[in-house]
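Here's the letter readout for the chains.
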Amino acid sequence: MAPHKKINVTFLPDTRRVSVTHGVSLLEAVHRAGIVLPTRCGGKAGCLMCKVSVDPGESAALRPPSEAERRKLGSLLDQGVRLACQAAVWDDVSVHIPEDPLKAAVRRRLEAARRGEAEDLW
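This write-up is about the structure you can find in this document. (Residues numbered from 1 in each chain as written. Predicted model: local features only at pLDDT ≥ 70, side-chain atom pairs only at ≥ 80, totals over all residues. Heavy atoms only, no water.)

### Looking at the side chain of Glu69
Moving on, step 1. As for its placement among the helices and strands, Glu69 is situated in helix H2 (residues 67-73).
Moving on, step 2. Look at Glu69 and you get buried, because its relative accessible area is 0%.
Moving on, step 3. Ignoring any residue separated from it by four or fewer positions in sequence, one finds Glu69 in contact with Gly74, Leu77, Arg82, Leu83, Gln86 and Ala87. (Helix = DSSP H or I, 4+ residues; strand = E, 2+ residues; numbered from the N terminus. Buried < 20%, exposed > 50% of the residue type's maximum accessible area, 1.4 Å probe, protein only. Contact = heavy atoms within 4.5 Å.)

In C-alpha cells:
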C-alpha cells in the first residue's frame, strides 16, 4: 500500500465519512469525523468506553487486536467489537458507533409516545 494513500472510514448509522492515512487509530478518525465517543483512559485500553463494532468481513481492514485489547474484550472480539483507541485503520472500513444511552432512551420514549404507548423508561 502506498504510504500516503487516503483510507475512507465510514461511521454508521449516520454514514459520516472521513479520510485518514494508514495506521491512524479509529479513535482519531472518530474525532476527525466530529463524532463524540467517550473515553477516560486517554487511549490506553483501560476504560472500555470506546467500543465500536466492525462487520466480520471487514476485520482485515484494521490492525489485528493488541494483547491489551484481547485481554479487555475477550470473546467480544469474535462479535466484531473493537476498542477505537487500539484499532488502527489499514484499509477502507465501515464502523458501527453505538448509540449514546441517553439518546437511545429519549428515542425509545418518543417512539412509544408516537405509538400511544405508556412506556416507563425513567
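### Here we look at unusual backbone geometry
Moving on, step 1. In this chain, Leu12 is followed by Pro13 through a cis amide linkage whose omega measures 15°.
Moving on, step 2. With respect to the secondary-structure elements, Pro13 resides in the loop between strand E1 (6-12) and strand E2 (16-21).
Moving on, step 3. Not every positive phi belongs to a glycine, and Thr15 is a case in point at roughly 55°.
Moving on, step 4. Position of Thr15 relative to the elements: it lies in the loop between E1 and E2.

### Here's the deal with the nonpolar core
Moving on, step 1. One finds Val9, Phe11, Val20, Leu26, Leu37, Val95 and Ile97 to be the most contacted residues of the largest nonpolar core, which totals 30 residues.
Moving on, step 2. Broken down by element, the residue count for this core peaks at 4 residues, all from helix H1 (residues 26-32).
Moving on, step 3. In this view, Leu37 contacts Leu27, Val30, His31, Met49, Cys50, Lys51, Val52, Ala84 and Ile97; residues no more than four positions away in its chain are not counted. (Core = buried A, V, L, I, M, F, W, Y, C linked by side-chain atoms within 4.5 Å.)

### Some details on the pattern of salt bridges
Moving on, step 1. Counted under the stated rule, the structure contains 3 salt bridges.
Moving on, step 2. Two residues, Glu28 and Arg32, come together in a salt bridge whose shortest N-O distance is 3.0 Å. On the criterion of helical spacing, the pair formed by Glu28 and Arg32 is a turn pair, its members being 4 residues apart in helix H1.
Moving on, step 3. Looking at Arg32, the relative accessible area reads 44%, which means it is partly exposed. (Salt bridge = Lys/Arg side-chain N within 4 Å of Asp/Glu carboxyl O.)

### Focus: the environment of Val95
Moving on, step 1. Note on placement: Val95 falls in strand E5 (residues 93-96).
Moving on, step 2. The exposure class of Val95 is buried, given its relative accessible area of 0%.
Moving on, step 3. With 82 residues separating them along the chain, Val95 and Pro13 place their C-alpha atoms 8.7 Å apart.
Moving on, step 4. When sequence neighbours within four positions are dropped, the list of residues in contact with Val95 reads Val9, Thr10, Phe11, Leu12, Leu26, Val52, Ser53 and Val54.

### Details of the layout of surface pockets
Rolled over the atoms, a probe as big as a water molecule pinpoints where empty space is left.
Moving on, step 1. Computed from the structure, the largest pocket encloses a volume of approximately 540 Å³.
Moving on, step 2. Around the largest pocket, the lining comprises 18 residues; the ones closest to its centre are Val36, Ile97, Pro98, Glu99 and Asp100.
Moving on, step 3. When residues of the lining of the largest pocket are traced back to their parent elements, those giving at least two are E1 and helix H3 (101-115).
Moving on, step 4. Lining the second largest pocket are 14 residues, with Ser59, Ala60, Pro65, Leu77 and Arg82 sitting closest to its centre.
Moving on, step 5. Among the residues forming the lining of the second largest pocket, the class breakdown is 7 nonpolar, 3 polar and 4 charged. (1 Å grid on protein atoms, 1.4 Å probe; cavity = no way out; pocket = protein on both sides within 12 Å on 5 of 7 lines; lining within 4 Å. Points joined across faces, edges and corners; volume = space filled by probe spheres on them. Nonpolar A, V, L, I, M, F, W, Y, C, P; charged D, E, K, R; others polar.)

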